[in-house]
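# Topology and contacts: notes
If you want the building blocks of each chain, they are given just below.
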Amino acid sequence: MQLLKRVAAIHDISGVGKCSLTVALPIISAAGVECAVMPTAVLSTHTGGFTGFTFRDLTEDMRPIAAHWKKEKIHFDALYSGYLGSIDQIGIVRDLFAMFRTPGTLIMVDPVMADNGALYSRFTMDHVRGMAKLCSHADIIIPNRTEAAFMLGRPFADGPMARGDAVDLLHALAGLGARQVVLTGVCFGADDLGAACLDVSTGQIDFCMEDRIPGLYHGTGDVFGSFLLGALMRGRPLHEAVRIAVDCTCAAIRLTAADGTPPHMGVRFESILADYGQLLME
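All values derive from a computational prediction rather than experimental measurement. (Residues numbered from 1 in each chain as written. Predicted model: local features only at pLDDT ≥ 70, side-chain atom pairs only at ≥ 80, totals over all residues. Heavy atoms only, no water.)

A few words on unusual backbone geometry. Its identity is not glycine, yet Lys 73 carries a phi of approximately 55°, on the positive side. Following the sequence through the fold, Lys 73 ends up in the loop between helix 2 (59-71) and strand 4 (78-81). On the basis of relative accessibility, which here comes to 73%, the residue Lys 73 falls in the exposed class. Of note, the phi angle at Arg 122 is positive, near 80°, even though the residue is not glycine. (Helix = DSSP H or I, 4+ residues; strand = E, 2+ residues; numbered from the N terminus. Buried < 20%, exposed > 50% of the residue type's maximum accessible area, 1.4 Å probe, protein only.)

Given below as structure tokens:
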């Protein structure tokens, strides 16, 4: 029997709100891939749409966890980093990449730090510069348009964009050092939304678009990234994995919109995990 591939997801864990590790663990597992976790912080809820949440920083635990994994000779087929709440954590994750990287290890960085033209609270330009450097150590990066603008030092442009501008952004992001780039939040009109991707080795660019669903739903970036990584670990090429991730994320959003779940509570990804897993078996 073929051994399961193993991913290490390095994210915070929010008890309520369906984001970060509470979506990465079930989605990647549904792909038939083992998901190990390194929590960077523990929160009672995520920070969007909730007030008075609790927060416990786990920076001091990260290196000891990694040292124990290394002592146990644990191998990872992929390392996947998301929200990192401090410059120190960015440096630790960079060192973890070096510690566990092998010729067959995929490093995926989601530079979670900004959206809708603004940095998240408590983040500064030092964090932006640190995240851009972390992206230089990745095989694949998956920024949204705001994060791309900050890392490239460009003005943020909201709303529909020309395809040529999306292509320019992809190539500029590839200049940070990754061999594959996925840009989320791409739209060419008022009624579409999706992602664009570039495989540097072949030069292939693909656009994976869907009809826009009104509203702002929290945690969809983490849901998308987890669906994407699961598909990549099951051997799907980049453009196909992005297509799967876009379709599955949109399906979860549609279900959430239909049942009236408050957007800050996250999307109903659980309802499509069986279909996602079956799709990757085909």
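One can find Glu 147 in helix 5 (residues 145-152). Here Glu 147 is buried and forms no salt bridge, its nearest opposite-charge partner Arg 145 lying at an N-O distance of 11 Å. A polar atom in the side chain of Glu 147 sits 3.1 Å from the backbone nitrogen of Met 113. At 3.4 Å, the side chain of Glu 147 forms a polar contact with the backbone nitrogen of Ala 114. (Lys, Arg positive; Asp, Glu negative; His and termini not counted. Salt bridge = Lys/Arg side-chain N within 4 Å of Asp/Glu carboxyl O. Polar contact = N/O pair within 3.5 Å; in protein donor to acceptor, adjacent residues only side chain to side chain.)

We now examine the pattern of salt bridges. Throughout the structure, instances matching the rule amount to 13 salt bridges. For Asp 95, the salt bridge is made with Arg 94, and the minimal N-O distance between the two is 3.6 Å.

A few words now on helix 4 (residues 125-135). Among all positions in helix 4, only His 127, Val 128, Gly 130, Met 131, Ala 132, Leu 134 and Cys 135 are buried. The elements touched by buried residues of helix 4 are strand 4, helix 3 (87-100), strand 5 (106-109), strand 7 (118-119), strand 8 (140-141) and helix 5. (Contact = heavy atoms within 4.5 Å.)

An α-helix turns once every 3.6 residues. As a result, residues three or four positions apart point the same way. Taking 1.5 Å of rise per residue, the 14 residues of helix 3 would be expected to cover 20 Å, and the 20 Å separating its terminal C-alpha atoms lies within 8% of that figure. Within the span of helix 3, buried status applies to Gln 89, Ile 90, Gly 91, Ile 92, Val 93, Leu 96, Phe 97 and Phe 100. (Expected span 1.5 Å × (residues − 1).)

Once that is clear, we can look at the packing of helix 2 against helix 3. Following both chains from N to C, one finds helix 2 and helix 3 inclined at 5°, their axes separated by 10 Å at the closest point. Relative to helix 3, the element helix 2 is oriented roughly parallel. Touching Thr 59, Met 62, Arg 63, Ala 66, Trp 69 and Lys 70 of helix 2 are Asp 88, Gln 89, Gly 91, Ile 92, Val 93, Asp 95, Leu 96, Met 99 and Phe 100, all from helix 3. Classifying every residue of the contact of helix 2 with helix 3 gives 8 nonpolar, 3 polar and 4 charged. (Axes fitted to C-alpha atoms, helices over the stretch in contact; angles between N-to-C directions. Parallel < 35°, antiparallel > 145°, perpendicular 65-115°, else oblique. Nonpolar A, V, L, I, M, F, W, Y, C, P; charged D, E, K, R; others polar.)

Nothing here speaks to function; it is all geometry.
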